[in-house]
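Structural overview for review
The primary structure of each chain is shown beneath.
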Amino acid sequence: MKSVIERSADNIRILIASMVEKAKSGHPGGAMGGADFVSILYSEFLHYDPTDGHWINRDRFFLDPGHMSPMLYSILLYAGYYNMKDIENFRQWGSITPGHPEADPAHGVENTSGPLGMGHTMAVGAAIAERFLVARFGDIVAHKTYAFISDGGVQEEVSQGAGRIAGYLGLNNLIMFYDANDIQLSTKTDAVTREDTAMKYQAWGWNVLTIDGNNPAEIRKSLHAAHSEKDRPTLIIGKTVMGKGALTPDGHSFEKNCATHGMPLSAAGASFEKTIENLGGDPKNPFVIFDDVKEYWEKINLNKRQLAKEQKEEFKQWENDNPELAEKLKLFYSGAMPDIDFSSIKQKSNIASRVASGTILAELCGKVENMIVASADLSDSDKTEGFLKKTTQFVKGDFRGAFLQVGVAELTMAGIANGMALHGGVIPVCGTFFVFSDYMKPAVRLAALMQLPVKYVWTHDAFRVGEDGPTHQPVEHEAQIRLMEQLRNHHGKRSVLVLRPADAMETNVAWKMALENTGSPTALILSRQNIPDVPSNGDRYQDALNATRGGYLVHKDASQNDIVFVGNGSEVSTLIEGARLLKERKGINVQVASIISEGLFRDQDPGYQESVLPEHLPTLGLTAGLSVTLQGLVGSRGKIIGLDSFGYSAPAAVLDEKLGYTAENVYQQAVTLLMK
């Protein structure tokens, strides 16, 4: 006779198969194999409060293979986060149980998952955030982070960076279960790999345990061992059975079959009815929880709530005993910023915006005490070293500093930053060259979907990287990331704030905007080369504050002008100089607009937009990227000076001259436009 924990897992398998069958789409096989592990993890090890999904001291569970969402929703049904109606509405319009999970802590879902490898990389970030907070507040905020990964996640290259960094840092608070069923979507795993996964993780410094992943006793024993580990993250390799319990129409086993990975059992060749009966359910009424399983989980959840209550009372006592620390922790989790006077951050004249950013980061270190800055082996070049010089990097056993040296792993860095933001209590910043945003895009998109306030410091923003050649020269990249400004999230807000400042003081303002933006990621696109300061008749910082509206006028010859110049970043100073030539030689009045964020600018009232970019005036745009970058601002009647190639290798000044990024060419192109 099966134990209640085994029946609990079989009941989950029934729900998994039924959800996918009813929706006529989904992935039952792997989820059915993982049911034993999540049953024991949630019932016996995971600390949670089903009445308070945002409880900061809860253990975190990060699902990597998002296609196994039916498994997650089923265990969360047991845990009290969902009702059976939610389970029956799997993959339907308006449902809170989508095909791949979307971050929703109130319902027990810690992360959006789907792109394989990212879920457990985010778990590494959450584990780092927890260690950072424990270093400042003590064990009162300590908890475990669990991750669930599949064969596909191990194969995705990002797993290498995540495994290396977690091992290097000795994240003993991280426990990962590898659902090793030897099956993937199209093939068995031995058709694509012969690596020894255990040895690989051991080489990275992990504690590795290999078990029968469908055996409750072995699962339980491995989790106890993982909890006892003091120096290393733990990988539990669970050898599981794909489609566990599945039968054919004639009653034979349909387990370990690739077809169950990505389609309903009936479509794969199994019998849904026979499978449900084999697992102890009723095929005519499969959406039920067995009486004994229901009673078992009611007791578990009562106990979970009681334990959470006791921990909250202990935490309340800690707050009373440590009022200053408690207030700081509350501030960290609120997302609110301490008062920073960005006008007081002094900048040298005519400097690169990356250098200005480094100066700002140096000022922020120690003032924004929950900021964690990471760099992909480029801290001296992306100028995140301004922050690093005021703190120390994380090393094994010491998280008192606030800098993460990621190494050459941009995608890993971005995924870890997402995990930090999901954990809460910290503000993640990560820096690299703008051209390598290509490596980061999947994680940036996930940050946008999850509305995470990650800050990207992307430097070396244009072809002016020069001698490094076209491999290091961003051309199409600004157009790509600004598409994300046009894309809105589920709440109707722009999914990314993209800022390319025109000079040092606009960089001050850009950082102010970035820190105040708590509802989406922010991209800071910064120059390698020096930029002339935008002229000002008064206080340049006060002028630059107009950038908080997305765009503003930095130059205006008259109240009524003849032409508009528009750009952002390094090109703004060239446009201002071109406007001067046009006025001197032709007596033509020009107004010049710096549009630091097209998305934010287009969210302003129509009257303001018209004052900056009058529709009746001819408009000339200058961009260091593809012309389409400015198309939405210039319009069909205007003209854009942009690039249509990857650029060439030469010093920056030579490239400007050869490619037409000079005031003289701006003047010539404006004259031609006005003659039309």
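Our subject is the structure listed above.
Parameters and conventions
Residues numbered from 1 in each chain as written. Predicted model: local features only at pLDDT ≥ 70, side-chain atom pairs only at ≥ 80, totals over all residues. Heavy atoms only, no water. Salt bridge = Lys/Arg side-chain N within 4 Å of Asp/Glu carboxyl O. Phe/Tyr/Trp six-rings, centres within 6.5 Å; stacked < 30°, edge-to-face > 60°. Buried < 20%, exposed > 50% of the residue type's maximum accessible area, 1.4 Å probe, protein only. Lys NZ or Arg CZ within 6 Å of the ring centre and 35° of its normal. Disulfide = S-S within 2.5 Å. Pairing = 2+ DSSP bridges. Helix = DSSP H or I, 4+ residues; strand = E, 2+ residues; numbered from the N terminus. Axes fitted to C-alpha atoms, helices over the stretch in contact; angles between N-to-C directions. Contact = heavy atoms within 4.5 Å. Polar contact = N/O pair within 3.5 Å; in protein donor to acceptor, adjacent residues only side chain to side chain. Parallel < 35°, antiparallel > 145°, perpendicular 65-115°, else oblique. Left-handed = near helix turned anticlockwise from the far one by under 90°. Nonpolar A, V, L, I, M, F, W, Y, C, P; charged D, E, K, R; others polar. Expected span 1.5 Å × (residues − 1). Bend = angle between axes of the 7 residues up to and from the residue.

Remarks on the pattern of salt bridges
Evaluated as defined, the whole model comprises 33 salt bridges. Here the salt bridges do not stand alone but share partners, grouping Asp 461, Arg 464, Glu 478, Arg 482, Glu 485, Arg 500, Glu 571 and Asp 656 into one network.

Some details on the packing of aromatic side chains
Enumeration over the complete set of coordinates arrives at 23 aromatic pairs. Considering the side-chain rings of Tyr 201 and Trp 206, the 5.1 Å spacing of their centres and the 85 degrees angle between planes classify their relative orientation as edge-to-face. Across this residue pair, the class does not change: Tyr 201 and Trp 206 are buried. Among the aromatic residues, ring-to-ring pairing joins Tyr 42, Tyr 48, Phe 61 and Tyr 81 into one connected group. Sitting above the plane of the Phe 132 ring, Arg 136 keeps its charged end 3.6 Å from the centroid.

Quick word on the state of the cysteines
Taken as a whole and judged by the stated rule, the model has zero disulfides. The thiol of Cys 430 is not disulfide-bonded; the next cysteine sulfur, from Cys 365, is found 17 Å away.

Examining the sheet that holds strand β16 (residues 639-643)
Strands in a sheet are paired, the pairing made by backbone hydrogen bonds, and the direction either parallel or antiparallel. Strand order in the open sheet formed by five strands is β12-β14-β13-β15-β16, with mixed pairing between adjacent strands. Where the open sheet ends on each side, the last strands, each with one partner, are β12 (552-556) and β16. Pairwise comparison of adjacent strand axes, ignoring direction, gives a mean angle of 20 degrees for this sheet. Across five bridges, strand β13 (residues 563-567) lies against strand β14 (residues 590-594) in parallel orientation. What sits directly across from Val 564, in β14, is Gln 591. The strands that helix α21 (residues 571-586) touches are β12, β13, β14 and β15 (619-626); relative to β13, the one it contacts most, it runs at about 160 degrees.

Digging into the side chain of Glu 506
Note that Glu 506 resides in helix α19 (residues 504-516). Given the relative accessible area of 0%, Glu 506 is considered buried. At 2.9 Å, the side chain of Glu 506 forms a polar contact with the backbone nitrogen of Ala 502. Each residue touching Glu 506, except ones within four places of it in the same chain, is listed here: Arg 500, Pro 501, Arg 540, Ala 544, Ala 547, Tyr 552, Ser 594 and Ile 596.

Details of the packing of helix α7 (residues 158-169) against helix α16 (residues 410-423)
Taken N-terminus to C-terminus, the directions of α7 and α16 make an angle of 65 degrees; their axes are 8 Å apart at the nearest point. What the angle tells us is that α7 and α16 run roughly perpendicular. Regarding α7 and α16, the two cross each other, and that crossing is right-handed. Taking contact as the criterion, the partners of Val 158, Gly 161, Ala 162 and Ile 165 in α7 are, on α16, Leu 411, Thr 412 and Ile 416. The residue makeup of the contact of α7 with α16, split by class, is five nonpolar, two polar and no charged.

Remarks on helix α17 (residues 437-450)
Across its 14 residues, α17 extends 19 Å between first and last C-alpha, which sits within 8% of the 20 Å expected from 1.5 Å per residue. A bend of about 35 degrees at Ala 443 is the largest found in α17. Ser 437, Met 440, Ala 443, Val 444, Leu 446, Ala 447, Ala 448 and Met 450 are the residues of α17 that are buried. Positive backbone phi, at 60 degrees, marks Gln 451, one or two positions downstream of α17.

Quick word on helix α26 (residues 663-675)
Under the 1.5 Å per step criterion, the end-to-end length of α26 is 19 Å for 13 residues, consistent within 8% with the ideal 18 Å. For α26, the complete set of buried residues consists of Ala 663, Asn 665, Val 666, Tyr 667, Ala 670, Val 671 and Leu 673. On the buried face of α26, the contacting elements are β13, α21, β15 and β16.

Some remarks on the side chain of Ser 150
Here Ser 150 lies in strand β2 (residues 145-150). The exposure class of Ser 150 is buried, given its relative accessible area of 8%. Those residues within four positions of Ser 150 in sequence are excluded, and the remaining contacts are Pro 65, His 67, Leu 116, Tyr 178 and Asp 179.

Focus: the sheet that holds strand β1 (residues 60-63)
Overall, parallel pairing links the five strands, which are arranged β1-β2-β3-β5-β4 in an open sheet. Whereas interior strands pair on both sides, the edge strands pair on one side only; in this sheet they are β1 and β4 (207-212). Across the sheet, the axes of successive neighbouring strands diverge by a mean angle of 20 degrees, strand direction being ignored. Of the strand pairs in this sheet, strand β3 (residues 174-180) and strand β5 (residues 234-239) are connected by six bridges, and their pairing is parallel. Following the sheet pairing, Tyr 178 is matched in β5 by Ile 237. Packed onto the sheet, helix α9 (residues 216-228) meets β2, β3, β4 and β5 and runs at close to 170 degrees relative to β4.

Any link to function would need more than the numbers given here.
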